[in-house]
Amino acid sequence: MAEVKVKQELTDPVEIENRIKDLCQQFPHGITDQVIQNDMPHVEAQQRAMAINRLLSVGQLDLLRNSTGLLYRLKDTQSASKMKGSDNQEKLVYQIIEDAGNKGIWSRDIRYKSNLPLTEINKILKNLESKKLIKAVKSVAASKKKVYMLYNLQPDRSVTGGAWYSDQDFESEFVEVLNQQCFKFLQGKAEVARDSKQSPMVQRNSSFATSHEVWKYICELGISKVELSMDDIETILNTLIYDGKVEMSVIAAKEGTAGCVDGQMKLYRGVNPIIQSTGLVKTPCGLCPVFDDCHEGGEISPSTCIYMTEWLDF
Amino acid sequence: MTQQEVRLCGLLLQEHFGEVVEKVAVHLLRTGAQTLRGIAQETSTPLDLVKKSLCVLAQHGMCEFRRGRRGPAGAVEYLATSERILRILRYPRYIYTAKTLYGDTGELIVEEVLQRGHMTMSGSVKTVADRLTHNMEEGRSMDYSEVVTAFSKLVETHFIQRCPPVADVGAAPPAAGPGAQAAPAAPPSPADSHPERYTLPHVKLTGRGKRRHPSEESEGEQRGAKRAKMDTSESSGDTGIYWQVNFDRFHQHFRDQAIVSAVASKLDQTSSEIVRTMLRMSEVTTTPTAACTQPLSANEIFRALPPSYSITRPVLEQYLSLLVDDPMEFVGKSGESGGGMYVVNLHKALATLSRATLESVVQERFGSRSARIFRLLLRKRHLEQKQVEDFAMIPAKEAKDMLYTLLSENLVQLQEIPKTPDHAPSRTFYLYTVNPLPTARLLLQHCYKAVGNLMERRQYETKENKRLLEKSQRIEAILASLQASGAEPSQLTEVEEMITAPERQQLQALRHHVNKLDSSENQVDETIFLLESYINSTQTSR
């Protein structure tokens, strides 16, 4: 009895539409005509086509083409509802911005893609922004350049500049503090190793710290308001290498060990400089800003040099 | 030959040999080879003065002579050697090294030989013994044999060598033609042409140092002349054999010291002692220009280690492998035989040291962030501006500022790589890079200028206070003579008070200033030494 009722109900066009929508919800990646046919073997092709056409025209369903044939997919109900009352141009712009993902897209690029005049696009963008469908994000690469992306997206690192930027400004102080803290950690480790009075090999090996250890130390310190990744810490450690304060060596490690990436582990250790400041810079001449203009008998000369006088009386 | 070098040479010569010598030498440096008459005319100096100046220069090996360009009959030409003149700057360091290695006697021997350019062994032994005796207490004196021992030690360790025999200008092979002219100009390389340079002659020197009494001074000239006559008459069997300081050997020693102290500061004391031992073992066997020392086996090193360090064999091996692993690469492993063969990479070490010097200059002058950029470029060779900002984590604006400053100071170079032949800026890569060798040369010139500045300032300071200095000297002389004649203490204080308190203060300040300038000159010379050896070693290895 129930089976008959279902069959009867299925003949109703509204029921068919609902059934198709249910199917689409089950398969969010989209369904082919074959799937619908298998699900509703008793429905005639014409009825099916009518139902699908209706759904498409209302804008509840998307028609996509892929390698195997046509695909039906449920349109984002949220955006569908939000897009209500907007015209085709607006939809087109929205689509372009959606395609750009979390990298965002520049308004001029939208113009090229949509072939709409810039004034029109600006109007549409303002419109969409006021509906909170999209947002404008300032890129760190060029401070004057605004890129647009969907409202609910988290901007990409390349746009925001990652952990080192806040409001498009590079936080050099933050970087400096982290740089110092990392160095302090490595230096402390090296000192403990030196004082341990063990054999030289053990001393050296225990002065190494993996990037994971440094990362954990920094996280536990809680100096950072933002979440730092291990890559972020490695960039900081690299600056220490360029400061000549730290050495890095890479060793092979078992996959799954903490701090291991692709079977490699990066080890860092604090080192001492090989020379103290050289003789030249201990003289005023080594640091003199007008060194090139200095000649005996000239306006600036060694005999009358004020830097030299101050240094001599020091 | 740059202007800065000429200036520094001039200043050094002026201080050591006076203005006439300076004038002649600077003229020679500026113009290149010159005949005697040419020098006299162009410097408008009397001929005999020019001759004397050339004598002085030749005595110290600071000028060479060669047959003229117009064949054997042509006039002899003179040529000043700037490298040798610049060595004057390092005299204090040579003397100090001799003192630390061989005590007061060694110090005085090296000092005498440096002061006189070259001298016979007997001559230097006598003078040194006399000087040492003079400084001893009354009634004691220095035995010649002790000085001879010190002298022979210096020769054995190659710090002092025989002067190469002077090639007779007239007897030089008459190989005509322009090709042969360069041959006599090249200094005879001592290694092959002069096998006897470290053999001591048989000298019979017996006696003790004589004390020169103050009372003798008054007799003055006469006695001096008499003594000179006496000296020449009693020949010690080494006439004609002259000795000079072997600068290369000293430089080798300085280089080794620099390497050892670098290891000590980077790693630890024990590692540096091991490296010191390795360097000492290969001191005589390795040629001065070799890229690395002769390979030494771990066994040999172990046996040569001074027992006081108490390093056991396994610990030594650990240290050696640590040294090999270190990114400085001062020590390398060349084989497995004999418990592992190890070498000290001398060129590599010099390159690393001079790199550290460059970095240190950038760091002190432009701040540590610029130094970060500088090191970054040294490591990564070529980088675009954007990459520099990202790697160094410096805000774009500051990084640009620093890069441009470094570029304008020629410490960093810019390389354009156009994508299209029209060099349009939008389609061109701009790569920043650091070339260590040209940068080292640049800094070397800076050093020369800095030393020149310091010397000029010193001369200025002494000139400004000339009257005061003369006065204090006069008063000291009076005091000495009064003391000798046994004057009353009240008289002495009266004379002493002739220098007023402010004057005394001024004198003290002056002394302080001059000392500071002097020590700075020596410090800059250390930088000069490192850069020079790096540049020379890179040139020879090419």
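Since this is a predicted model, take the numbers as computed values, not measurements. (Residues numbered from 1 in each chain as written. Chains lettered and ligands numbered in written order. Predicted model: local features only at pLDDT ≥ 70, side-chain atom pairs only at ≥ 80, totals over all residues. Heavy atoms only, no water.)

1. As for the overall build of chain A
No. 1: Looking only at helices and strands, chain A has 15 helices and 11 strands in total.
No. 2: Within the span of chain A, comprising 314 residues, buried residues form 39% of the whole.
No. 3: Counting only contacts in chain A whose residues sit at least 6 apart along the sequence, the fraction spanning at least 24 positions is 49%.
No. 4: Roughly 18,700 Å² of accessible area belongs to chain A as shown, and the carbon and sulfur atoms make up 50% of that amount. (Helix = DSSP H or I, 4+ residues; strand = E, 2+ residues; numbered from the N terminus. Buried < 20%, exposed > 50% of the residue type's maximum accessible area, 1.4 Å probe, protein only. Contact = heavy atoms within 4.5 Å. Areas by Shrake-Rupley, 256 points an atom, 1.4 Å probe, with all protein chains shown as cover.)

2. Regarding the overall build of chain B
No. 1: Summing up its helical and strand segments, chain B has 24 helices and 11 strands in all.
No. 2: For chain B, the residues scored as buried account for 46% of the 542 residues in total.
No. 3: Restricting the contact set of chain B to residue pairs at least 6 apart, pairs at least 24 apart contribute 66%.
No. 4: With the model as given, the accessible surface of chain B reaches about 27,600 Å², and the carbon-plus-sulfur share is 52%.

3. Some words on the confidence of the model for chain A
Caution applies to low-pLDDT regions: their predicted coordinates should not be interpreted in detail.
No. 1: For chain A, mean pLDDT is 80; residues scoring 70 or higher make up 89% of the total.
No. 2: Every residue in residues 1-9 of chain A is under pLDDT 50, and counting partners more than four places away or in other chains gives two contacts. (pLDDT = per-residue confidence, 0-100.)

4. Quick word on the UniProt feature "domain: RNA polymerase III subunit RPC82-related helix-turn-helix" (unreviewed entry) in chain B
No. 1: As recorded in UniProt, the feature "domain: RNA polymerase III subunit RPC82-related helix-turn-helix" (unreviewed entry) lies at residues 8-65 of chain B.
No. 2: In residues 8-65 of chain B, the share of helix is 76% and the share of strand is 9%. The end C-alpha atoms are 22 Å apart. (UniProt positions renumbered as here; feature names shortened; annotations may be inferred.)

5. Re the packing of aromatic side chains
No. 1: In this structure the tally under the stated criterion is 11 aromatic pairs over all chains.
No. 2: With centroids separated by 5.7 Å and ring planes inclined at 90°, the aromatic side chains of B:Phe151 and B:Trp243 adopt a geometry described as edge-to-face. Taken together, the residues span a long stretch of sequence, with B:Phe151 in helix H8 (residues 144-156) and B:Trp243 in strand E6 (residues 242-245) at a distance of 92 residues.
No. 3: Judged by its relative accessible area of 0%, B:Phe151 is buried.
No. 4: An aromatic cluster of at least three residues, connected via ring pairs, comprises B:Tyr91, B:Tyr94, B:Tyr102, B:Phe159, B:Phe247, B:Phe250, B:Phe254 and B:Phe529.
No. 5: Sitting over the ring of A:Phe183, A:Lys245 keeps its end group 5.0 Å from the ring centre. (Phe/Tyr/Trp six-rings, centres within 6.5 Å; stacked < 30°, edge-to-face > 60°. Lys NZ or Arg CZ within 6 Å of the ring centre and 35° of its normal.)

6. Brief notes about the side chain of A:Asp232
All names here are of chain A.
No. 1: Mapped onto the secondary structure, Asp232 falls in helix H13 (residues 230-242).
No. 2: Exposure remark for Asp232: the relative accessible area of 2% places this residue in the buried category.
No. 3: If we ignore the near neighbours within four places in the chain, the residues touching Asp232 are Arg157, Ala163, Trp164 and Glu227.

7. With respect to the interface of chain B and chain A
No. 1: At the junction of the two partners, chain B supplies 56 residues and chain A supplies 50 residues.
No. 2: With both chains or domains summed, chain B and chain A bury close to 4,600 Å², and 61% of this area falls on carbon and sulfur atoms.
No. 3: Taken together, the links from chain B to chain A amount to five salt bridges.
No. 4: Two residues, B:Asp325 and A:Arg204, come together in a salt bridge whose shortest N-O distance is 3.7 Å.
No. 5: Looking at the side of chain B that touches chain A, the elements with two or more residues in it are helix H13 (247-266), helix H16 (313-325), helix H17 (346-366), helix H18 (368-380), helix H19 (385-392), helix H21 (436-464) and helix H24 (501-541) of chain B.
No. 6: No other element matches H21(B), which puts 11 residues into the side of chain B that touches chain A.
No. 7: The residue inventory of the side of chain B that touches chain A, partitioned by class, reads 23 nonpolar, 15 polar and 18 charged. (Buried area = accessible area lost by both parts, 1.4 Å probe. Salt bridge = Lys/Arg side-chain N within 4 Å of Asp/Glu carboxyl O. Nonpolar A, V, L, I, M, F, W, Y, C, P; charged D, E, K, R; others polar.)

8. A short note on the pattern of salt bridges
Oppositely charged side chains are able to pair whenever their charged atoms sit close together.
No. 1: Enumeration according to the criterion identifies 38 salt bridges over all chains in this entry.
No. 2: Between B:Asp326 and B:Lys266 there is a salt bridge whose closest N-O contact spans 3.0 Å. Here B:Lys266 lies in helix H13 and B:Asp326 lies in the loop between H16 and strand E8 (331-335), a separation of 60 residues in the sequence. Of the two residues examined, B:Asp326 and B:Lys266, each falls in the buried class.
No. 3: Salt bridges sharing partners connect three or more residues here, namely A:Glu176, A:Asp243, B:Arg369, B:Arg372 and B:Glu398.

9. Details of the sheet that holds E6(B)
Residues and elements named next belong to chain B.
No. 1: On the basis of which strands lie adjacent, the open sheet formed by three strands has the order E4-E6-E5 and antiparallel pairing. Only two strands of the sheet have a single partner each, and these edge strands are strand E4 (119-120) and strand E5 (160-162).
No. 2: Relative to E6, E4 runs antiparallel, the two sharing two bridges. Looking at E6, one finds that Thr120 is bridged to Tyr242.
No. 3: Packed onto the sheet, helix H6 (residues 91-116) meets E4, E5 and E6 and runs at close to 100° relative to E6. (Pairing = 2+ DSSP bridges. Axes fitted to C-alpha atoms, helices over the stretch in contact; angles between N-to-C directions.)

10. Considerations on H13(A)
Side chains three or four residues apart in an α-helix point the same way, a direct result of the helix having 3.6 residues per turn.
Residue and element names in this part refer to chain A.
No. 1: Taking 1.5 Å as the rise per residue, H13 with 13 residues should run 18 Å; its terminal C-alpha atoms sit 19 Å apart, in good agreement.
No. 2: Summarising burial for H13: 10 of the 13 residues are buried, a large majority.
No. 3: Within the sequence span of H13, burial applies to Met230, Asp232, Ile233, Glu234, Ile236, Leu237, Thr239, Leu240, Ile241 and Tyr242.
No. 4: Positive phi shows up at Gly244, right after H13, with a value of about 75°. (Expected span 1.5 Å × (residues − 1).)

11. Looking at a nonpolar patch on the surface
No. 1: Residues A:Val177, A:Leu221 and A:Ile223 make up a contiguous nonpolar surface patch of roughly 210 Å² in combined accessible area.
No. 2: Residue position: A:Ile223 is located in the loop between helix H12 (211-221) and H13. (Patch = residues over 30% accessible without salt bridge, like charges linked within 9 Å, V, L, I, M, F, W, Y side chains within 5 Å.)

12. A few points about the sheet that holds strand E1 (residues 34-35) of chain B
Hydrogen bonds along the backbone pair up the strands of a sheet, which may run parallel or antiparallel.
All names here are of chain B.
No. 1: The sheet built from three strands is open, its strands ordered E1-E3-E2 with antiparallel pairing. Edge positions in the open sheet fall to E1 and strand E2 (63-66), since each of these has one partner strand only.
No. 2: Taken strand by strand, helix H2 (residues 19-31) contacts E1 and strand E3 (77-80), and its axis lies near 95° from that of E3.

13. Here's the deal with the packing of H6(B) against H13(B)
Residue and element names in this part refer to chain B.
No. 1: Where H6 meets H13, the closest approach of the two axes is 13 Å, and the angle between their N-to-C directions is 135°. When the axes of H6 and H13 are compared, the pair comes out oblique. By crossing handedness, the relation of H6 to H13 is classed as left-handed. Taken together, the residues of H13 that come into contact with H6 (itself represented by Tyr91, Arg93, Tyr94, Thr97, Ala98, Leu101, Val110 and Leu114) are Phe247, Phe250, His251, His253, Phe254 and Gln257.
No. 2: Tallied by class, residues from the contact of H6 with H13 come to nine nonpolar, four polar and one charged. (Parallel < 35°, antiparallel > 145°, perpendicular 65-115°, else oblique. Left-handed = near helix turned anticlockwise from the far one by under 90°.)

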